[in-house]
Amino acid sequence: KVYVACQSMLIVLVGAVPEYHIDQEGIPTSRAELAKRIHFADNFTSIVTEASTSWYLIEQEAYKVSLASSLFFAGLLIGNITFGPLSDKLGRKPVYISGLFFDVVFGYVTALAPNYDTFAVSRFFVGIVNGGTALVSFVLTQEYVGKSFWSFTGSLTNLTFAVGIAVYALLGYCVREWRYLALVSNTPGVIFLLLSFMLPESPRWLYSQGKTAEAEDVLQYIAFGNGKERLNLKLQPSAGTLRKDELAPGILNLVKHPVLRWQTIILMYIWYVCSFVYYGLTLNAGELRGNLYLNVALSGLVEVPAFPLCMFFIEKSWSGRRKTMTCFLIFAGFACIFTMFLPTNAGLLLSPTLLALCGKMMVSAAFNIVYIYTSELYPTVLRNAGLGVCSMSCRFGGILAPFVPSMKSLSPSVPFVVFGISGLSAGFLTLLLPETLNKPIAESIEDLQSPKYQVLKNEETE
């Protein structure tokens, strides 16, 4: 996740615009002449300051920085859609390692790009493999451990992403030349790729595919790593094991099965709102001025307190996953709404920025829970597909959030009302989902027919 965070935040520093001025003597007749008249501050370099005339992304060419960022998020969306079903069918480990390999390759293409077009295209492909690899690695991490540890591993995974943002800011502070920064931030991927070959396949996935002998071998390997002697275990065949003439479950099963259909619709909206409110608060009220690297670090560190809060509440029987996520989303919604009532010149304790950062912490907590919660709601055979579809809707929230500030032309409070209502609605919709704390994990679609796995209660009909 540290590596994923560095790749995700790359454009923030690599695409930053340093201070510059243009000599106004005469009117430049070409981009080459314009390039000679531009004088950038020498505190750091970026794709904006690249000396070649095919770069110099200022004035009419400034939109290309945002375009490269949009291409990355478009790639994330595609990766979330494709990698989930692939790993459900082919296995977690091969899809994860393949994605990480191409993530590293395209990361180096980004750093060595001879022109903007190559840079932009490489960012698109980095987005595809980065988003897919992050999704599969999260599921793989969860399926290595027992369900009682899912809240811990899920929170730790997301916490590491927030820390990774701060690590990237530190790298940017130490390495001011953008190509070297891209190379340095991409190199840890090589180390993680080599280490990943030591990882076993997910025992849950193997079991769901009817490969009980291989699943037993993995469990023995894990037990040996935990310092235990060889276990005498024998797994019963999974009820959902496919016959040779059957097709593996896919995304269409999320629509065909009534329980999964309504569950997916609600979760997609919750994921969308988490992303929408998170980035909206960042753009609207988190406009920190001053040191660029400090601002990037704070954007990650402000999320750190959210994770211990998650781990405390979601494991309590009186709160659990559902109630805790409902409260965090509602608090984030109220934080948005209350922000519009505070004057901009209020003291520190009543500062709209401070309240917005609190709201961001709350929605970050909800974001963390929804990863864990979604993993527990879907059966193993569809877990990656479900997470992929939900992550796809999450990307739409991130894409739309930057456009909401333009609604200030109607009224300064309109953006906060939009974010507030979104958070509140998602919080109340969460109550329609079941609690998963201390409940069994479904391995197959057939398990959902059992009363103990019911997700959304259907109205009784005569």
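Residues numbered from 1 in each chain as written. Predicted model: local features only at pLDDT ≥ 70, side-chain atom pairs only at ≥ 80, totals over all residues. Heavy atoms only, no water.

An unreviewed UniProt entry annotates the protein as Solute carrier family 22 member 15-like originating from Aptenodytes patagonicus. Heading Subcellular location (unreviewed entry) of the UniProt record for the protein holds this comment: "Membrane". (UniProt positions renumbered as here; feature names shortened; annotations may be inferred.)

(A) Here's a closer look at the packing of aromatic side chains. By the definition in use, this model includes 17 aromatic pairs. Measuring from ring centre to ring centre gives 5.4 Å for phenylalanine 124 and phenylalanine 125, while their planes differ by 70°; the resulting arrangement is edge-to-face. Accessibility expressed as a relative area gives 33% for phenylalanine 125, which makes it partly exposed. Summarising the aromatic geometry, the rings of phenylalanine 367 and tyrosine 371 are spaced 6.4 Å apart at their centres and angled 35° between planes, so their arrangement reads as tilted. Here the residue phenylalanine 367 and the residue tyrosine 371 both occupy positions in helix H17 (residues 352–377), the gap between them amounting to four residues, near one helical turn. Considered together, phenylalanine 367 and tyrosine 371 belong to a single accessibility category, that of buried residues. Within the aromatic cluster, the residues linked to one another by ring pairs are Phe101, Phe102, Phe106, Phe124 and Phe125. In this arrangement the basic side chain of arginine 176 is found over the ring face of tyrosine 173, its NZ or CZ atom lying 5.0 Å from the centre. (Phe/Tyr/Trp six-rings, centres within 6.5 Å; stacked < 30°, edge-to-face > 60°. Buried < 20%, exposed > 50% of the residue type's maximum accessible area, 1.4 Å probe, protein only. Helix = DSSP H or I, 4+ residues; strand = E, 2+ residues; numbered from the N terminus. Lys NZ or Arg CZ within 6 Å of the ring centre and 35° of its normal.)

(B) Main features of the confidence of the model for the protein. The predicted model of the protein has a mean per-residue pLDDT of 81, with 81% of residues at 70 or higher. Helix H3 (residues 31–37) is the least confidently modelled element of the protein, averaging 60 in pLDDT, while helix H5 (residues 92–112) averages 95, the highest of any element. Taken as a whole, residues 242–247 scores under 50 in pLDDT and shows four contacts with residues more than four places along the chain or in a different chain. pLDDT under 50 marks residues 455–462. Its contacts with residues more than four places away, or in other chains, come to twelve contacts. (pLDDT = per-residue confidence, 0-100. Contact = heavy atoms within 4.5 Å.)

(C) Here's a closer look at the packing of helix H7 (residues 150–174) against helix H14 (residues 292–301). It is at 7 Å that the axes of H7 and H14 come closest, and there the two elements cross at 170°. Taken together, the axes of H7 and H14 are roughly antiparallel relative to one another. For the pair H7 and H14, contact is made by Ala162, Ile165, Ala166, Ala169, Gly172 and Tyr173 and by Tyr293, Val296, Ala297, Ser299, Gly300 and Leu301, respectively. For the contact of H7 with H14, the class distribution of residues is nine nonpolar, three polar and no charged. (Axes fitted to C-alpha atoms, helices over the stretch in contact; angles between N-to-C directions. Parallel < 35°, antiparallel > 145°, perpendicular 65-115°, else oblique. Nonpolar A, V, L, I, M, F, W, Y, C, P; charged D, E, K, R; others polar.)

(D) Representation of helix H4 (residues 63–90) in the model. Under the 1.5 Å per step criterion, the end-to-end length of H4 is 40 Å for 28 residues, consistent within 8% with the ideal 40 Å. One or two residues past the end of H4 sits glycine 91, with phi positive at roughly 115°. (Expected span 1.5 Å × (residues − 1).)

(E) Summary view of unusual backbone geometry. Despite not being glycine, asparagine 438 has its phi angle at roughly 60°, a positive value. Mapped onto the elements, asparagine 438 comes out in the segment after helix H19 (414–429).

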